[in-house]
Amino acid sequence: MTDARADFLAAAAAAEDLLRRPEVAASWRRPSALAQWSVGGLAGHLAYQVLCVAELPAAAVPAEPVVGLLDHYARSLWVGAALDADVNVRIRQGSEAFAADGPAALHRRLAAVLPELAATLAAADGTRPVRLPFWGPWALTLDDLLATRTMELAVHGDDLAVSVGVPGPELPPETAESVIGLLARLAVRRHGQAAVLRTLSRAERAPGSIAAF
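Scoring rules and cut-offs
- Residues numbered from 1 in each chain as written.
- Predicted model: local features only at pLDDT ≥ 70, side-chain atom pairs only at ≥ 80, totals over all residues.
- Heavy atoms only, no water.
- Axes fitted to C-alpha atoms, helices over the stretch in contact; angles between N-to-C directions.
- Helix = DSSP H or I, 4+ residues; strand = E, 2+ residues; numbered from the N terminus.
- Parallel < 35°, antiparallel > 145°, perpendicular 65-115°, else oblique.
- Left-handed = near helix turned anticlockwise from the far one by under 90°.
- Contact = heavy atoms within 4.5 Å.
- Phe/Tyr/Trp six-rings, centres within 6.5 Å; stacked < 30°, edge-to-face > 60°.
- Buried < 20%, exposed > 50% of the residue type's maximum accessible area, 1.4 Å probe, protein only.
- Lys NZ or Arg CZ within 6 Å of the ring centre and 35° of its normal.

A. Region of the structure containing the packing of helix H3 (residues 39-54) against helix H7 (residues 142-164). In the contact formed by H3 and H7, the axes pass within 9 Å of each other and the chain directions differ by 160°. Taken together, the axes of H3 and H7 are roughly antiparallel relative to one another. Handedness of the crossing formed by H3 with H7: left-handed. Note on element contacts: H7 touches H3 through Leu145, Leu146, Arg149, Glu152, Leu153, His156, Gly157, Asp159, Leu160, Ser163 and Val164, opposite Val39, Leu42, Ala43, His45, Leu46, Gln49, Val50, Cys52 and Val53.

What follows is the structure, given as structure tokens:
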């Protein structure tokens, strides 16, 4: 199994552990740490990152052109969009609907797919083009798509943990390195090499932020 698939499964397992916590269920209808997101909606968004991948092996190979990871983010409408932009409103509404049956049902759905998903990904071709339905007219390789989902799981897992007052999921070192590496590449694209280099090495010359998004 490639590192991308191992990283994704590790992040998915961490998300499943987080979603089973009673603190998540107890806070389900409360506001999360993210503006305009409820805890339940954020949990639905987290679970969707795994459940959408489970649907990909049976999907037809897309006809759209395959792009690289950085090009994917350059094309994505949500990057840099305002909270009330149509794309972000649709994401929040879809996540709330995805979690509408409550915390126990959402956790059961996620836990049920993980064993089969591990076997499916182990046998999959990482270079196969895949596409999620809400994307624009492009595709990614399976391994690149898994890298995007792993980053989503890591970032939103931390968001959810902060929202309910529990420690953030601890990912295996190699998975954390993959996520941080992708975020660093995106930060360099947004802020330039010097800003990222100075922030990581020279606090006295660091800019205010090198956030990837």
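From this point, things continue past the structure.
B. Layout of the packing of aromatic side chains. Counting across every chain of the model gives 5 aromatic pairs. Arranged with centres 6.3 Å apart and planes meeting at 85°, the rings of tyrosine 73 and tryptophan 78 form a pair that is edge-to-face. Taking relative accessible area as the criterion, tyrosine 73 reaches 2% and is therefore assigned buried. Look at tryptophan 78 and phenylalanine 213: their rings are 5.0 Å apart centre to centre, the planes differ by 50°, and that puts the pair in the tilted class. Linking tryptophan 78 in the loop between helix H4 (69-75) and helix H5 (86-98) with phenylalanine 213 in the segment after helix H9 (193-201), this pair joins segments that are 135 residues apart in sequence. On the accessibility criterion, tryptophan 78 (26% relative accessible area) is partly exposed. Sitting over the face of the ring of phenylalanine 98, arginine 109 holds its NZ or CZ atom 4.4 Å from the ring centroid.

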